[in-house]
Amino acid sequence: MCGIVGYVGGQSALDVVIAGLKRLEYRGYDSAGVAVLADGGLATAKKAGKLVNLEKELKDRPLPDGFSAIGHTRWATHGAPTDLNAHPHLDNAGRVAVVHNGIIENFAVLRAELATRGHELVSETDTEVVGHLLAESFSSCGDLADAMRQVCRRLEGAFTLVAVHSDAPDVVVGARRNSPLVVGVGEGEFFLASDVTAFIDHTRSAIELGQDQVVELRLGGVTVTDFAGAAAEVRSYHVDWDASAAEKGGYDYFMLKEIAEQPKAVADTLLGRIDTTGALRLDEIRIPASVLREVTKVVLVACGTAFHAGLIAKYAIEHWTRIPCEVELASEFRYRDPILDERTLVIAISQSGETMDTLMALRHAREQGARVLAICNTNGSTIPRESDAVLYTHAGPEVAVASTKAFLTQLVACYLVALYLGQARGTQTADEVRTVIRELADVPDAVGRVLQTMGPVRELARSLAQKDTVLFLGRHMGYPVALEGALKLKELAYMHAEGFAAGELKHGPIALIEEDLPVVVVVPSLRGQPILHDKIVSNIQEIRARGARTIVIAEEGDGTVEPYADHLIRIPVTPALLQPMVTTVPLQVFACELATARGNEVDQPRNLAKSVTVE
Ligand code: M6R
């Protein structure tokens, strides 16, 4: 939610910042702006709408260039996405420029206070108060980092701030609380960004910033302190993927590329976690086996697609460990006062590692004494930093707002955790674990085979572009898959899409069925519980009898569904508990193609942002 870039170095600061914003545009695309320290002053430009509008503005009215600049791409919270509300925000003298990600909760009080001192605030944003406060503090202390520390001590809420001052040439200062900011360390140049993709073209050397820290970039180096000014310990790391991973690589959309990368993402997430004897090794889970043996309840917390991964994980965890398992939307979790103790294992699932709802849920869980294990795709992000342990998924950067490869790798990680728990508690023998591991190792190939047969799915999607509604049905693990199919369609195609447990049909939703209504049905594996399979075949007949156009996803060789399927999507035979990893893939392709056919922006759907850093 909002992308931020800062730069100090020897290159054209504007070029570096604009290129960084292009990489971060997935975080928000309501407006964009830049500020550059040049010719002893501060020059700024900002425009509502996507980054191209700002680029056009800079072409029509070029700014003087310099060696230090900041930039912002916005996902609006306070104030509509207008030129005026776009970042950067300045003080009245136009000497300070600040960009912000997050929400400053006490901005109204601060705004009123500034007004009494004669400040005129012109935008509707919460951010603008920071520019004015920084100007006041700088005029008394003469040091931008110090001014930032003073201001941060007065702010409540979540914020990443990056600022420049025309009287502090070649200095860029940043701060973070509950919102992401990383430092890139190049040769004689330094970067600040919401995530490393913004500077990966320049350096793979990065520094994690901790909670409540202020960072100062100068040509001579980087200084990190806490909000009180005490030197902070700095943790450096190397980014283990390169710039090409953050490019479209010949695909029209990041989403298409990320769908295609799924076989590799799944294989990479298994890599290094299975030893030469085929046994499971999860050394990174630093929670001792003795503690895992005592766990009495598992609670999975997550949002959106990651929540669906949690719903699927519940089946595997309960089946393999016999530990009761709950799955909860992170945004609801702490408000219902959940019953947790030191024998509860909370698993927080998040691609970005920055989702505020999930972060707040895990903090609540830890306060109650529960152990928290993060499943996360983003190295060094806040959720794994604040958890007791982390299992990283190795999907590589996911840029498209719609989550695809991250979802499949979250499932892999959940399966591994479930097996690990089963192994530690003795509910799974070593041989049983090895068998599942072998089956997991076959999944990349199965996903690859699904991807090779997607032509008819694309054609079908295009033929449905004028429809208003699509329903999705599933049973058992197919139910969360149905929810995920519906979510993808909502966020990408802006269509009414609902996922239902097929058994619930007759309790209400069947009233929605009308002539030619497309209904996607996820058929469980024949190798699972035969009764489930038979029941869903009956459900298909029930909806078809009422006029539905049935789109059936079923395993190769499953002939029972053929008479009732208007469209049949075949998937490879897969062990029942692993089947969601293949049944989800056609639904991703379906949603992507339908969105394209409807003329929607696939990678940047309206009103959304990749990383949801506000509650
Ligand atoms: O970064 P996270 O995994 O925590 O994000 C959670 C959701 O915001 C995310 O999965 C969202 O639902 C996706 N856009 C769905 O495709």
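Things to note about the domain arrangement of the chain
No. 1: Partitioning the chain into domains gives domain 1 (3-246), domain 2 (254-441) and domain 3 (453-597).
No. 2: On a C-alpha basis, the centres of domain 2 and domain 3 stand 26 Å from each other.
No. 3: In this assembly, 25 residues from domain 2 lie in contact with 20 residues from domain 3.
No. 4: The junction of domain 2 with domain 3 conceals about 1,900 Å² of combined surface from both sides, 78% of it contributed by carbon and sulfur atoms.
No. 5: The tally of links from domain 2 across to domain 3 stands at 0 salt bridges.
No. 6: Run the count over domain 2 and domain 3 and you get 7 residue pairs in polar contact (both at pLDDT 80 or more).
No. 7: The set of elements that each furnish at least two residues to the side of domain 2 that touches domain 3 consists of α6 (254-260), α7 (262-270), α9 (304-321), α13 (405-425) and α14 (430-451).
No. 8: The element contributing the most residues to the side of domain 2 that touches domain 3 is α9, with 9 residues.
No. 9: Its residues assigned to classes, the side of domain 2 that touches domain 3 comprises 17 nonpolar, 7 polar and 1 charged.

Observations regarding the side chain of Thr321
No. 1: Of note, Thr321 is situated in helix α9.
No. 2: Judged by relative accessible area, which is 1%, Thr321 ranks as buried.
No. 3: Within the local environment of Thr321, its side chain forms a polar contact with the backbone oxygen of Ile317, the two atoms lying 2.5 Å apart.
No. 4: Among residues more than four places away in sequence, those in contact with Thr321 are Ala316, Ala418, Leu421, Gly422, Arg425 and Thr427.

Overview of the site of the ligand
No. 1: Around the ligand, 14 residues are found, and the nearest of them are Ser350, Gln351, Ser352, Thr355 and Glu491.
No. 2: Residue Ser352 places a side-chain N or O atom 2.6 Å away from an oxygen atom belonging to the ligand.
No. 3: Contact distances for the ligand include 2.4 Å between an oxygen atom and a side-chain N or O atom of Thr355.
No. 4: Residue assignment for the shell around the ligand shows that the elements contributing at least two residues are α9 and α16 (478-493).
No. 5: Of the residues contributing to the shell around the ligand, the split by class is 5 nonpolar, 7 polar and 2 charged.
No. 6: Each of domain 2 (254-441) and domain 3 (453-597) gives at least three residues to the shell around the ligand.

Brief notes about the sheet that holds strand β24 (residues 567-571)
No. 1: Reading across from one edge, β21-β20-β22-β23-β24 is the order of the 5 strands in this open sheet, with parallel pairing throughout. At either margin of the open sheet sits one strand with a lone partner, and together these are β21 (496-501) and β24. The mean inter-strand angle of the sheet, taken between neighbouring strand axes irrespective of direction, is 20°.
No. 2: When strand β20 (residues 469-474) meets strand β22 (residues 518-522), the two strands line up parallel, connected through 4 bridges. Residue pairing across strands places Gly474 opposite Val522, the latter belonging to β22.
No. 3: Against the sheet, α16 makes contact with β20, β21 and β22, and its axis sits at roughly 175° relative to β21, the strand it touches most.

Quick look at the pattern of salt bridges
No. 1: A full pass over the atoms with the stated rule returns 40 salt bridges.
No. 2: Here Arg449 ties to Asp445 by a salt bridge, and the two come within 3.6 Å at their closest N and O atoms. Of this pair, Arg449 and Asp445 both sit in helix α14, 4 residues apart, roughly one helical turn.
No. 3: Overall, the relative accessible area of 37% leaves Arg449 in the partly exposed class.
No. 4: By relative accessible area, which is 48% here, Asp445 ends up partly exposed.
No. 5: Sharing partners across several salt bridges, the network here consists of Glu113, Arg117, Glu136 and Arg154.

A closer look at the sheet that holds strand β6 (residues 96-104)
No. 1: A sheet is described by the order of its strands in space; here 6 strands give the open sequence β5-β6-β7-β8-β12-β13, paired in antiparallel fashion. If you trace the sheet from one side to the other, it starts and ends with β5 (89-90) and β13 (221-226), each paired once.
No. 2: Bridge count between strand β8 (residues 171-177) and strand β12 (residues 213-218): 6 bridges; the pairing is antiparallel. Bridging from a neighbouring strand, Ala175 pairs with Val214 of β12.

Here we look at the packing of α9 against α13
No. 1: The N-to-C vectors of α9 and α13 enclose an angle of 25°; their axes lie 9 Å apart at closest approach. Considered as vectors, α9 and α13 are oriented roughly parallel to each other. The two elements α9 and α13 cross, and the hand of that crossing is right-handed. Where α9 abuts α13, its residues Thr305, Ala306, His308, Ala309, Ile312, Ala313, Ala316, Ile317, Trp320 and Thr321 lie against Phe407, Gln410, Leu411, Cys414, Tyr415, Ala418, Leu419, Leu421, Gly422 and Arg425.
No. 2: Taken together, the residues that form the contact of α9 with α13 break down as 14 nonpolar, 5 polar and 1 charged.

Structural notes on helix α15 (residues 455-463)
Residues lying three or four places apart along an α-helix face the same way, a consequence of the helix completing one turn every 3.6 residues.
No. 1: Among all positions in α15, only Val457, Leu460 and Ala461 are buried. Along the axis of α15, the buried positions cluster into a sector of 100°, meaning they face one direction only. Across α15 from its buried face, at more than 90 degrees, point the exposed residues Pro456 and Glu459.
No. 2: At its buried positions, α15 is contacted by β23 (549-555), β24 and α18 (580-597).

Notes on the nonpolar core
No. 1: Counting 129 residues, the largest nonpolar core has Val34, Val298, Ile347, Tyr415, Phe472, Leu489 and Phe590 as its most contacted members.
No. 2: Top element by residues in this core is α13. It accounts for 14 residues.
No. 3: Contacts of Leu489, omitting those with residues within four sequence positions, involve Val470, Phe472, Tyr494, Met495, Ala497, Phe590, Ala591 and Leu594.
No. 4: One finds Phe138, Leu155, Ala175 and Val214 within the second-largest nonpolar core, a separate group that totals 29 residues.

Examining the environment of Arg434
No. 1: One can find Arg434 in helix α14.
No. 2: Exposure remark for Arg434: the relative accessible area of 22% places this residue in the partly exposed category.
No. 3: Remark: the alpha-carbon pair of Arg434 and Thr277, spanning 157 residues in sequence, is separated by 8.7 Å.
No. 4: Those residues within four positions of Arg434 in sequence are excluded, and the remaining contacts are Thr277, Gly278 and Ala279.

The rules we used
- Residues numbered from 1 in each chain as written.
- Predicted model: local features only at pLDDT ≥ 70, side-chain atom pairs only at ≥ 80, totals over all residues.
- Heavy atoms only, no water.
- Domains from an automatic or database assignment.
- Contact = heavy atoms within 4.5 Å.
- Buried area = accessible area lost by both parts, 1.4 Å probe.
- Salt bridge = Lys/Arg side-chain N within 4 Å of Asp/Glu carboxyl O.
- Polar contact = N/O pair within 3.5 Å; in protein donor to acceptor, adjacent residues only side chain to side chain.
- Helix = DSSP H or I, 4+ residues; strand = E, 2+ residues; numbered from the N terminus.
- Nonpolar A, V, L, I, M, F, W, Y, C, P; charged D, E, K, R; others polar.
- Buried < 20%, exposed > 50% of the residue type's maximum accessible area, 1.4 Å probe, protein only.
- Near = heavy atom within 4 Å.
- Pairing = 2+ DSSP bridges.
- Axes fitted to C-alpha atoms, helices over the stretch in contact; angles between N-to-C directions.
- Parallel < 35°, antiparallel > 145°, perpendicular 65-115°, else oblique.
- Left-handed = near helix turned anticlockwise from the far one by under 90°.
- Arc of directions from axis to C-beta.
- Core = buried A, V, L, I, M, F, W, Y, C linked by side-chain atoms within 4.5 Å.

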